[in-house]
Amino acid sequence: MNLAQVLFYLMAFIATASAVFVAATKNLVRSIFMFFITLFALAGLYVLALADFVAITQIVIYVGGILVLILFAFMLSGKETLNTIGELRSKFISINKLPALLLAGLFLVVLLNMIFKLDADNLGWVKKAQVTHNMILPNSSMTENIGINLMTKYLLPFEAISVLLMVALVGAAHLSRKGRSA
Amino acid sequence: MNNFLQAIDTLTIKFTLAAVLLPLLAFLINLVIPGKHNKITGWVSTLAILFSCVLSATIFSKVWNTGHLVHQQFAWFTVGETQAYVGVLLNNLSVLMLLLVNLIALPVHIYSMAYMKDDAGYNRYFSFLSFFCFSMLALVVVDNLVLFYIAWELVGFSSYLLIGFWFSRHKAVQANKKAFIMNRIGDIGLLTAILIIYATFHTFDINILFGDHSIIKAITVYNRGEWYSPLTGSFTIPGVSYHLDDIWQFVAFIGIFLAVAAKSAQFPLHTWLPDAMEGPTSVSALIHAATMVAAGVFLLGRVYPMFNGIELNILAIVGCFTAFMAATVALTQNDLKRILAYSTISQLGYMVMAMGIGAYSSSLFHLVTHAFFKCLLFLVAGIVIHQMAHIRDDNKLDIDPQNIQNMGGLRKKMPLTFIAALIGGLALIGLPFTSGYLSKDGILIQAFQWSQGKGWLFMLIPAFAILTTWLTAFYVIRLITKVFFGDLKLRERFPNIKLHIGDGGWRYAVPLLFLAAGSLFPVFSFNPFSYEHSWLYHGMFQTGATAGEGLFHVIVPVGVNIFSVLVIYAAYRIYAKQKTNPFSQTSMLYRLSANEWYFDEIYKKYIVVPVLAMGRATFRLDRRVIDGFIHSVAYAGMALAKAAMWTDRYIIDGFLNLIVAVVQSIGNFARRFQGGKVQYYIYSMLVVILVIFILTTLI
Amino acid sequence: MISLTDFLVVSAVLFCVGLYMIVSKQNAIQVLIGIELMLNGAILNMVAFSKYDRINNGGQMFALFAIVLAAATTAVALAIILNVYKQYKTIDPGSINKLGD
């Protein structure tokens with residue numbers, strides 16, 4: 001067991017544990033901050049999956065953008081709102097949570113079952129990539145390749161997603177205007 | 001000549017109709033006159049009866065003893081082959097009764113205007129009185145049995161109304177119920193008799209049935225008592241044969257007898273009359289002394305030809321018994337009106353007995369004379385009672401104004417009344433120079449003649465008749481002595497009472513004088529000692545009645561009257577002493593008399609109680625068995641309905657409800673997926689996905 | 001060497017936790033967080049498989065796009081949540097079952 005595996009299990013543990021905590025906690029603020037941890041741990045997992053650019057993007061956009069947005073939206077909307085929203089009336093396990101838990105558990109069982117049946121490391125195209133060395137190695141730098149691909153092969157999705165992002169931001173700004181409701 | 005007679009007849013009929021209908025008109029007018037105490041009603045009724053009286057006098061003068069029968073009729077209705085007529089029949093008997101009723105009714109009306117002047121029901125009183133007069137007048141002039149029966153019922157009904165005139169008094173209500181029920185028994189008898197007669201002869205016409213040349217007379221002359229195959233008679237159709245068994249003839253007789261007994265208060269059905277004295281005294285005078293009770297005797301007079309020998313004997317025995325029984329009861333009564341009531345029963349008994357012994361004319365003669373003097377006595381009693389009531393009200397005493405034990409010495413206060421009472425009383429006893437002598441002696445003499453040669457048993461009837469005469473003398477003198485002689489008994493108990501009493505006004509005096517005059521001999525015969533010289537007797541004389549015989553004409557009146565005078569003297573001696581009860585009150589005979597021979601008790605015990613018990617039993621039968629059956633049917637129906645309802649509710653409705661519930665629960669279940677809860681949508685969706693996953697995995 | 005299965009297991013766990021939060025939470029913000037968790041699970045999947053596509057980098061590209069989309073989604077969703085709160089005074093998605101007028 002090398003260091004990478006240790007780190008992976010550590011990160012995986014942190015991610016799953018914090019995610020469970022997010023789902024289980026009664027306090028919204030705590031759950032949001034614990035979500036930070038999850039996202040950081042996930043970023044670590046991306047690094048371990050040899051996708052460092054995605055990991056950076058994850059931190060920048062998720063942690064710096066989304067989570068901050070959530071926090072700001074949560075905290076800037078007045079004390080009254082804060083109290084109401086922060087109030088979590090439910091317990092982790094209660095009668096009306098039970099079906100959801102059951103569903104989630106069953107889903108997990110099904111997914112795991114499928115994952116183990118799939119045996120992803122021995123898929124045809126994975127084997128073929130290993131043979132043709134079409135695989136990322138820990139020492140190769142992919143950022144440059146991503147930049148070229150983004151501007152050539154994925155130009156149309158890139159433009160579309162940027163327009164979408166702008167529309168979404170304008171829409172969000174419009175929706176959250178004070179005074180007149182949408 | 002014939003045309004002339006026809007014209008006179010038509011006029012007479014018109015007069016008759018007017019005389020009968022005037023009181024009815026007065027009744028109708030009185031009904032619409034407003035108020036309860038309107039003096040006009042009295043005048044209306046009195047004027048009506050006055051005109052009626054004048055008219056009937058005219059009719060009387062035209063018809064009486066002319067031998068001419070006025071009979072007019074119109075077709076009324078047809079039943080099967082029988083034509084019923086409505087008409088008027090005037091013969092000696094009818095016109096005599098017509099005049100008599102009017103002559104008695106007129107003074108009573110005048111008297112009533114004074115007697116009832118303070119009564120609250122003045123209007124009602126005169127309405128009823130006019131109605132009664134109409135019924136009674138109609139009764140005497142109608143020409144067929146159907147109308148006769150109607151009038152008979154109307155008379156009973158108006159009598160019922162007047163007995164119960166003071167309907168707020170319990171006793172009056174009881175009395176009129178009793179009178180009505182007793183009269184119903186008689187009515188059933190009359191109806192039965194009418195139906196039997198109709199079934200046999202197919203006609204209701206009185207003239208055809210009982211007239212001078214009638215069917216029944218022809219039959220009875222031919223073969224007395226058995227009604228079949230008449231060979232003669234002007235009304236019979238040759239070849240047509242009527243047949244009736246003896247037994248049915250006897251049933252018809254019993255029916256007639258019951259009717260007579262009920263109306264004229266004869267032995268088995270007499271008890272209503274004393275109780276009927278609860279009505280106003282003027283009513284008692286008119287109805288229960290002079291006119292209505294005479295209707296029974298009148299009926300006997302109408303249907304006289306139909307009786308055979310045995311039946312006449314029964315009539316004689318019953319009449320005699322009634323006369324004697326009532327006289328003994330009258331001996332001990334203390335109620336002024338009750339004494340007179342029993343006296344009336346006794347005299348009616350004489351009349352029925354006279355009919356029975358064949359003294360047809362004497363019976364009707366006695367009917368007329370009795371009407372006058374008994375009416376007079378009742379009016380006197382009314383005045384006395386009124387004055388006693390005055391004393392009671394003035395001095396606030398608690399006494400019975402009708403009790404003769406409280407009276408006495410009224411002679412000095414009310415001389416006119418006293419004289420009237422004396423004349424009436426002597427006429428009742430039958431002393432010479434009074435009308436009563438003429439008629440009663442006629443009956444007695446003929447009774448002796450009748451009993452001659454028939455065996456000693458038949459002698460009992462004249463013997464008891466004479467005994468009754470003496471008893472009559474005794475109680476009349478007792479009455480007069482107690483009321484008018486001596487001193488007022490009340491003074492012994494209440495020494496300080498004030499007396500403001502007298503004879504009253506002209507409305508009292510005129511009727512008394514009129515009736516007193518009618519109670520004296522010259523009105524009927526100029527010979528005060530011989531009834532056979534009376535015009536009335538001759539007018540009624542029928543062929544076949546026994547002619548007078550010399551010996552009895554002397555012995556009977558002399559013997560009877562000498563002893564009567566002795567009785568009068570004895571009675572006067574006894575009662576002038578003013579002792580309340582000169583005789584022992586405990587002897588068996590006294591109690592028998594004072595309790596009116598226990599008839600009421602016997603009837604109550606043996607008839608009223610069993611009838612009521614039977615009524616209750618039938619009621620119970622009705623309730624338990626018949627109603628029970630109906631109820632059980634009803635219950636069965638209801639149970640069936642309940643079962644049906646249960647089936648309907650729980651099976652049919654239940655099925656529908658089940659479907660509804662299933663649909664509803666499905667709907668409710670499905671609704672939850674569309675409840676607008678986003679998470680629920682997601683949940684459902686995920687479940688479906690999960691299921692698909694699991695299924696694909698497993699299969 | 002970290003196997004793909006390990007990544008898939010982690011992503012499955014994250015996905016299921018997110019799923020649980022979406023279905024059960026009565027707070028719209030937590031539901032939003034649940035969505036983010038699921039997205040992250042999916043992104044992790046793509047990132048893990050993109051290891052075997054060095055030339056085209058499809059997995060990483062779509063992970064990037066997904067992250068950006070998630071940012072846009074979150075912004076709009078938060079705006080909507082605030083407006084919903086103004087309208088209904090609650091952000092329980094179960095209670096919001098009426099259309100605004």
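Note: the structure precedes this text.
Residues numbered from 1 in each chain as written. Chains lettered and ligands numbered in written order. Predicted model: local features only at pLDDT ≥ 70, side-chain atom pairs only at ≥ 80, totals over all residues.

1. Considering the overall build of chain A
The helix and strand inventory of chain A stands at eight helices and zero strands. Counting from the amino terminus, helix and strand elements in chain A follow one another as α-α-α-α-α-α-α-α. Put simply, chain A has 182 residues, and 25% of those count as buried. (Helix = DSSP H or I, 4+ residues; strand = E, 2+ residues; numbered from the N terminus. Buried ≥ 20, exposed ≤ 12 C-beta atoms within 10 Å, placed from the backbone.)

2. Description of the overall build of chain B
What chain B contains, in helices and strands, is 26 helices and four strands. Within chain B, buried positions represent 47% of all 699 residues. Counting contacts in chain B only where the partners sit at least 6 residues apart, residues at least 24 apart contribute 78% of the total. (Contact = placed C-beta atoms within 7 Å.)

3. Thoughts on the interface of chain C and chain A
Counting residues at the interface gives 62 residues for chain C, matched by 74 residues for chain A. Among the secondary structure elements, those contributing two or more residues to the side of chain C that touches chain A are α1 (4–24), α2 (28–49) and α3 (58–88) of chain C. When residues in the side of chain C that touches chain A are grouped by element, the largest group, 22 residues, is from α3(C). Grouping the constituent residues of the side of chain C that touches chain A by class yields 42 nonpolar, 14 polar and six charged. (Nonpolar A, V, L, I, M, F, W, Y, C, P; charged D, E, K, R; others polar.)

4. Overview of helix α19 (residues 456–484) of chain B
Helix length check: α19(B), at 29 residues, gives a terminal C-alpha distance of 42 Å against a target of 42 Å (1.5 Å per residue), a fit within 8%. A positive backbone phi angle near 70° is found at B:Gly486, which sits one or two residues after α19(B). (Expected span 1.5 Å × (residues − 1).)

5. What about the interface of chain B and chain A?
Every contact between the two is made by seven residues of chain B and, on the other side, five residues of chain A. Of the residues belonging to the side of chain B that touches chain A, the class tally is six nonpolar, one polar and no charged.

6. So, the packing of helix α5 (residues 145–163) of chain B against helix α6 (residues 170–201) of chain B
All names here are of chain B. At their nearest, the axes of α5 and α6 sit 9 Å apart, and the two run at 175° to each other. One finds that α5 runs roughly antiparallel with respect to α6. Within the contact between the two elements, α5 uses Leu-145, Tyr-149, Trp-152, Glu-153, Gly-156, Ser-159, Tyr-160 and Ile-163 and α6 uses Ala-172, Ala-175, Asn-176, Ala-179, Phe-180, Asn-183, Asp-187, Leu-190, Leu-191, Ile-194 and Ile-197. Each residue belonging to the contact of α5 with α6 can be placed in one class, and the counts come to 13 nonpolar, four polar and two charged. (Axes fitted to C-alpha atoms, helices over the stretch in contact; angles between N-to-C directions. Parallel < 35°, antiparallel > 145°, perpendicular 65-115°, else oblique.)

7. A word on unusual backbone geometry
A negative phi angle characterises most non-glycine residues, just as the trans form characterises most peptide bonds. Residues and elements named next belong to chain A. For Leu-50, which is not glycine, the phi torsion reads 65° and is therefore positive. Its place among the elements puts Leu-50 in the loop between α2 (28–48) and α3 (52–76). Judged by the 22 C-beta atoms lying within 10 Å of it, Leu-50 is buried. We note that Asp-119 has phi near 55°; this positive angle belongs to a residue other than glycine. Structurally, Asp-119 can be placed in the loop between α5 (98–118) and α6 (124–131).

8. Concerning helix α21 (residues 506–518) of chain B
Residue and element names in this part refer to chain B. Between its first and last C-alpha atoms α21 spans 18 Å; for 13 residues at 1.5 Å apiece the expected length is 18 Å, and the two agree. Here α21 has its buried residues at Tyr-508, Pro-511, Leu-512, Phe-514, Leu-515, Ala-516 and Gly-518. Where α21 is buried, its residues meet α3 (92–115), α15 (360–395) and α17 (415–429).

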